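Notes for the structure review
Each chain, written out:
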Amino acid sequence: MQADYPLWVKRSGYLTLATASVILLLKLVAVMLTDSSAMLASFTDAALDLLISLLNFAVLRYALRPADDNHSFGHGKAEAVMALLQAAFLTGAALLLLLQALAGAQGQNMPQQPGWGMLITLCCMLLTLLLVLVQHWIVRRTGSLAVKSDAMHYRSDLLMNAAVLLALALVWRGWVWADWLIAALIACYLLYSAAQLARESLQHLLDEQLPAEELRQIEQLVLAQPDVLACQQLRTRRAGPKVFIQCVLVLDDHWTLKQAHQIVDAVELQLKARYAGAEVMIHPEPRSDAQLLPE
């Protein structure tokens, strides 16, 4: 874990809360002015975003705690739990919006003052774009799953706001059906986003291996050490920003215990240079016994 990880994740939380609050107020005004189903869908999503951002902020404070006697591997998985709850919130909101869109299709209510709705939506898009750019920069710097899930939400908000803008423009031209149709499309997109987020959260919670390309890179890094003959039983997992790596190094029989320990230390340093803050567990094995290990 990078030394400045907690600082940037907390800053992301403060920025997200402030931006989400402003966007929510703007969309509330837009809903009151327009009485649009698409605008209501966007407002509901914004309200959920603010609620989830509050929960994320609380969970991040817990996830950033160092390892203790009861949590030897740290608290990083709290981020994945929060992301899974976020997916559940998204799913519930999407289903409610879908019902609202179907009701709007039957009622064919005419939205009011679409021009004001378009202006407010453009302001929200600008605020959201600035937030997403900052969040992506923080994700590249920290690798935080919680910040990444937040960024995914607000990235989808950009598309959602564009859809609302299109709906209001079409309503302005007299195409009332566009309002409830785009509200339904927004709901379907939220369901898709929830499924993606849930899948990634479960990968972390179920200790899924790192991607195959990263496993190859780890193996190459280990085998680059001249005294290592083979790398066996490579196991990896991720908890929040922290990576855990376990493997068996096959070494020549003639190395003393002290020399084998030095080789293991050298490999650990290489892996920790590749994954900042990684927890590495390596077991050295003499070549004469290596064939007894399962592949």
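Read on for a plain summary of the structure. (Residues numbered from 1 in each chain as written. Predicted model: local features only at pLDDT ≥ 70, side-chain atom pairs only at ≥ 80, totals over all residues. Heavy atoms only, no water.)

Digging into the environment of Ala187
Its place among the elements puts Ala187 in helix H6 (residues 177-205). Taking relative accessible area as the criterion, Ala187 reaches 0% and is therefore assigned buried. Ala187 sits 27 residues away from Met160 along the chain, and the two C-alpha atoms are 9.5 Å apart. Contacts of Ala187, omitting those with residues within four sequence positions, involve Ala94, Leu97 and Leu98. (Helix = DSSP H or I, 4+ residues; strand = E, 2+ residues; numbered from the N terminus. Buried < 20%, exposed > 50% of the residue type's maximum accessible area, 1.4 Å probe, protein only. Contact = heavy atoms within 4.5 Å.)

Brief notes about the nonpolar core
One finds Met39, Val164, Ile186 and Leu190 to be the most contacted residues of the largest nonpolar core, which totals 38 residues. Of all the elements in the fold, those that place two or more residues in this core are helix H1 (5-34), helix H2 (37-63), helix H3 (77-107), helix H4 (114-142), helix H5 (145-172) and H6. By residue number, the principal contributor to this core is H6, which donates eight residues. Counting 21 residues, the second-largest nonpolar core is a separate cluster that includes Val222, Cys231, Ile245 and Val280. (Core = buried A, V, L, I, M, F, W, Y, C linked by side-chain atoms within 4.5 Å.)

Thoughts on the packing of aromatic side chains
Tallying each qualifying case throughout the model produces zero aromatic pairs. Just above the ring of Tyr275 sits the side chain of Arg274; from NZ or CZ to the centre is 4.5 Å. (Phe/Tyr/Trp six-rings, centres within 6.5 Å; stacked < 30°, edge-to-face > 60°. Lys NZ or Arg CZ within 6 Å of the ring centre and 35° of its normal.)

Regarding the pattern of salt bridges
Going through the model one piece at a time under the given rule, you end up with two salt bridges. Arg287 serves as the salt-bridge partner of Asp252, at 3.1 Å between the closest nitrogen and oxygen. On the criterion of sequence distance, the pair formed by Asp252 in the loop between strand E2 (242-251) and helix H8 (257-274) and Arg287 in helix H9 (residues 287-290) is long-range, its members being 35 residues apart. (Salt bridge = Lys/Arg side-chain N within 4 Å of Asp/Glu carboxyl O.)

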